[in-house]
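As a plain string of letters, each chain reads:
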Amino acid sequence: MATETLDGPRGGEMTGSPFLKQLAAVIRAEDSYGTWDDKSDSELMAEFIVTKEERRDIPIIGDPDPDVMWRITKFYDAIGLMIEKQTGCMASQMQKMSHEGFGRIVLIAGKLCVVSKHLRDVHRFGFETYAKLGEAGEKITADAVSVIEKFPEASEA
């Protein structure tokens, strides 16, 4: 993967998105030995950036790469933590993926399903820019928070 394009750094500039900060914190939490201490947040999240050209080159035949599955898990873990920060309700993730790259992810708060997302072609999971990565996480979070606000009793059960 190229690190730069003619338009600037790969993935664009990092934004001040609260979701991107949370995602970086989730990733850094995996680093118990401090191996990534010298890396910037954009370096840690570089694998989340997949350009249109790269997406076209990724085959969808075969099992999804374990690194892709890790990125999907971290993405939704960060959403769960953002939901908890905004509502006080812990939202935990459950996912089921087939070996063909199709599946479903749900985040549950109490007895309430706050996120239900069907995924396909997980082999190609990624975003063109850091801004789009942040926007996607923030939109899913905002939608989940609105569900919790609509049904607070179920989320606290």
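Refer to the structure printed above.
None of these values were measured; they are calculated from a predicted model.

Caption draft 1: Structural detail: the overall build of the protein chain. When you go through the protein chain residue by residue, the secondary structure sums to 6 helices and 5 strands. Counting from the amino terminus, the protein chain carries its helices and strands in the arrangement β-β-α-α-α-α-β-β-β-α-α. A compact globule built from 157 residues would reach a C-alpha radius of gyration of about 15 Å, and the protein chain, at 16 Å, matches this within 12%. Judged by the C-alpha coordinates and their principal axes, the protein chain covers about 50 × 35 × 30 Å. When each of the 157 residues of the protein chain is scored for burial, the buried share is 40%. A total accessible area of about 9200 Å² is found for the protein chain, and carbon and sulfur atoms account for 53% of it. Between the centroid of the 19 positive side chains of the protein chain and the centroid of its 27 negative side chains there is a distance of 6 Å.

Caption draft 2: Main features of the nonpolar core. Counting residues in hydrophobic clusters, the biggest one holds 38 residues, and the most contacted among them are Phe 75, Tyr 76, Val 114 and Leu 133. Looking at this core, the elements with two or more residues in it are α1 (18–28), α4 (66–87), β3 (91–97), β4 (103–109), β5 (112–119) and α5 (130–150). At 9 residues, α4 tops the list of elements feeding residues into this core. The contacts of Val 114, once residues within four sequence positions are left out, are Ile 83, Ala 91, Leu 107, Ala 109, Ala 144, Val 147 and Ile 148.

Rules used in this analysis
Residues numbered from 1 in each chain as written. Predicted model: local features only at pLDDT ≥ 70, side-chain atom pairs only at ≥ 80, totals over all residues. Heavy atoms only, no water. Helix = DSSP H or I, 4+ residues; strand = E, 2+ residues; numbered from the N terminus. Rg over C-alpha atoms; globule rule 2.2 N^0.38 Å. Buried < 20%, exposed > 50% of the residue type's maximum accessible area, 1.4 Å probe, protein only. Areas by Shrake-Rupley, 256 points an atom, 1.4 Å probe, with all protein chains shown as cover. Lys, Arg positive; Asp, Glu negative; His and termini not counted. Charge placed at Lys NZ, Arg CZ, Asp CG, Glu CD. Core = buried A, V, L, I, M, F, W, Y, C linked by side-chain atoms within 4.5 Å. Contact = heavy atoms within 4.5 Å.

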